[in-house]
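The chain contents come next:
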Amino acid sequence: MKEGRLASQRSIRKFIKLVIGQKVKNELDFLPINILTQDDNNVIWWVPPGKQRVFFNSGADKMSNINAEIELPGLVFALIESNWYVFAVEGTFRPEPTSKVFFSPFFNVWDNHQICVGSTRVPKNRKKVDQWKAAFFSSAFTHNNYKSKNSQLTDGRTRAALWKSLIKTRPGDLTMEVLPPTGLSIATFIKEGSQHAP
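Remember, it's a predicted structure, so these values are computed and weren't measured experimentally.

S.K.: I would appreciate a short explanation of the packing of aromatic side chains in the present structure.
M.R.: Aromatic ring pairs are described here by two measures, namely the spacing of the ring centres and the angle between the planes. For the structure on display, the rule yields 16 aromatic pairs. Look at F106 and F137: their rings are 5.8 Å apart centre to centre, the planes differ by 75°, and that puts the pair in the edge-to-face class. Here F106 is found in the loop between β7 (100-102) and α2 (129-138), whereas its partner F137 is found in helix α2, with 31 residues between them in sequence. Since its relative accessible area comes to 0%, F106 is described here as buried. With a relative accessible area of 4%, F137 lands in the buried category. Three or more aromatic residues joined by ring pairs make a cluster, and in this case those are W45, F56, F77, W84, F106, F107, W132, F136, F137, F141 and W163.

As structure tokens, then:
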């Protein structure tokens with residue numbers, strides 16, 4: 001028996017065709033500019049800075065049935081296996097792998113950046129990122145899950161106090177200065193950060 005060698009994609013397709021008796025599609029998908037990376041199970045995408053309507057229903061923070069349109073910084077969302085994450089990111093241009101990510105300003109997000117889904121109706125198709133964004137923002141923010149010292153806002157306010165101030169100052173602008181750095185870049189999150197889901 002001779003030494004083995006790596007199978008090419010063409011030979012793999014021919015083998016599958018022999019086994020299942022049909023042609024295997026080799027289609028290319030067009031990736032929009034907001035997709036940063038994806039494979040069969042994971043996708044990471046960017047939402048540019050801009051106005052976004054946010055909804056709150058937090059009795060504990062005296063923010064029941066409140067909504068407002070707020071100017072938000074850029075955001076990076078990630079679906080890694082069964083987990084959903086969100087970060088803030090600086091700039092108005094598409095992030096690079098080395099771009100630093102920051103703790104998000106939102107309720108319903110844990111210290112490891114994972115989104116608490118709660119009763120949110122999440123899309124079935126992981127590649128339809130606009131639907132995931134819509135699901136995130138159409139769901140009411142109900143509670144602050146950030147607990148660690150590192151995730152607290154840099155100006156000492158609670159997230160509830162931040163949002164109340166933004167809503168009162170119409171239209172409020174949420175600036176990056178209040179968001180603490182995570183110590184991660186997009187590349188290091190992919191490599192390390194996503195491994196620490198609860």
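Past the structure itself, the notes keep going.
S.K.: I keep staring at helix α3 (residues 159-168) and nothing clicks. Help me out?
M.R.: Each α-helix turn comprises 3.6 residues. Residues three or four places apart therefore point the same way. Regarding α3, the residues found buried are R159, A160, L162, W163, L166 and I167. Each buried residue of α3 sits inside an arc of 160° when the element is viewed along its axis, so together they form one side. Where α3 is buried, its residues touch β3 (50-58) and β4 (63-72).

S.K.: Honestly, the nonpolar core in this entry has me stumped. Any pointers?
M.R.: Formed by 39 residues in total, the largest nonpolar core has its most connected members in W45, I70, F77, W84, F106, W163 and L174. Counting only elements with at least two residues in this core, the list comes to β2 (43-47), β3, β4, β5 (74-80), β6 (83-89), α2 and α3. When residues no more than four places from it in sequence are discounted, the contact partners of W84 are W45, F77, A78, L79, H113, Q114, I115, V117, V122, W132, A135 and F136.

S.K.: Help me understand unusual backbone geometry, please; the structure alone is not making it clear to me.
M.R.: Of all residues except glycine, most have a negative phi; of all peptide bonds, most are trans. At N65, a residue that is not glycine, the phi angle is positive and equals roughly 50°. Residue placement: N65 occurs in strand β4. Its relative accessible area of 68% is what places N65 among the exposed residues. The backbone of N108 shows a phi angle near 65°, a positive value even though the residue is not glycine. Position of N108 relative to the elements: it lies in the loop between β7 and α2.

S.K.: Whenever I open this one, the pairing of β3 confuses me. Can you help?
M.R.: Two faces make up the sheet, and in a regular strand the side chains alternate between them. For β3 and β4, the ladder comprises eight bridges, and the chain directions are antiparallel. Bridging across to β4, K51 finds its partner in E71. Hairpin connection between β3 and β4: a loop of four residues separates the two successive antiparallel strands, and K62 in this loop has a positive phi of roughly 55°.

S.K.: Just to check I follow, could you spell out the side chain of N34 for this structure?
M.R.: Of note, N34 is situated in the loop between α1 (9-20) and β1 (35-38). Not counting chain neighbours up to four residues away, the residues in contact with N34 comprise I44, W45, W46, V129 and D130.

S.K.: What is the right way to look at the environment of L174 in this model?
M.R.: Mapped onto the elements of the fold, L174 is located in the loop between α3 and β8 (181-185). Judged by relative accessible area, L174 falls into the buried class, the value being 6%. Measuring from C-alpha to C-alpha, the distance between L174 and W163 comes to 8.8 Å, with eleven residues separating the pair along the chain. If sequence neighbours within four positions are ignored, L174 has contacts with I70, E71, L72, P73, P105, L162, W163, L166 and L179.

S.K.: Just checking my understanding: could you explain the sheet that holds β8 for this structure?
M.R.: Pairing in this open sheet of six strands is antiparallel, and the strands run β1-β2-β5-β6-β7-β8 from one edge to the other. The strands lining the two open edges of the sheet, one partner per strand, are β1 and β8. In this sheet, neighbouring strand axes are inclined to one another by 30° on average, regardless of whether the strands run parallel or antiparallel. Where β1 meets β2, three bridges bridge the pair, whose relative direction is antiparallel. Counterpart to Q38 in the pairing with β2 is V43. Of the strands in this sheet, β1, β2, β5 and β6 are in contact with α2, which crosses β2 at around 65°.

S.K.: Is there a simple way to explain the pattern of salt bridges in this structure?
M.R.: When charged atoms on two side chains of opposite charge get close, those side chains can pair. Applying the stated criterion across every chain yields a total of one salt bridge. Among the ionic pairs, D155 bridges to R157, the shortest N-O distance being 2.8 Å. On the basis of relative accessible area, D155 is assigned to the partly exposed category, the value being 37%. On the basis of relative accessibility, which here comes to 29%, the residue R157 falls in the partly exposed class.

Definitions and limits used
Residues numbered from 1 in each chain as written. Predicted model: local features only at pLDDT ≥ 70, side-chain atom pairs only at ≥ 80, totals over all residues. Heavy atoms only, no water. Phe/Tyr/Trp six-rings, centres within 6.5 Å; stacked < 30°, edge-to-face > 60°. Helix = DSSP H or I, 4+ residues; strand = E, 2+ residues; numbered from the N terminus. Buried < 20%, exposed > 50% of the residue type's maximum accessible area, 1.4 Å probe, protein only. Arc of directions from axis to C-beta. Contact = heavy atoms within 4.5 Å. Core = buried A, V, L, I, M, F, W, Y, C linked by side-chain atoms within 4.5 Å. Pairing = 2+ DSSP bridges. Axes fitted to C-alpha atoms, helices over the stretch in contact; angles between N-to-C directions. Salt bridge = Lys/Arg side-chain N within 4 Å of Asp/Glu carboxyl O.

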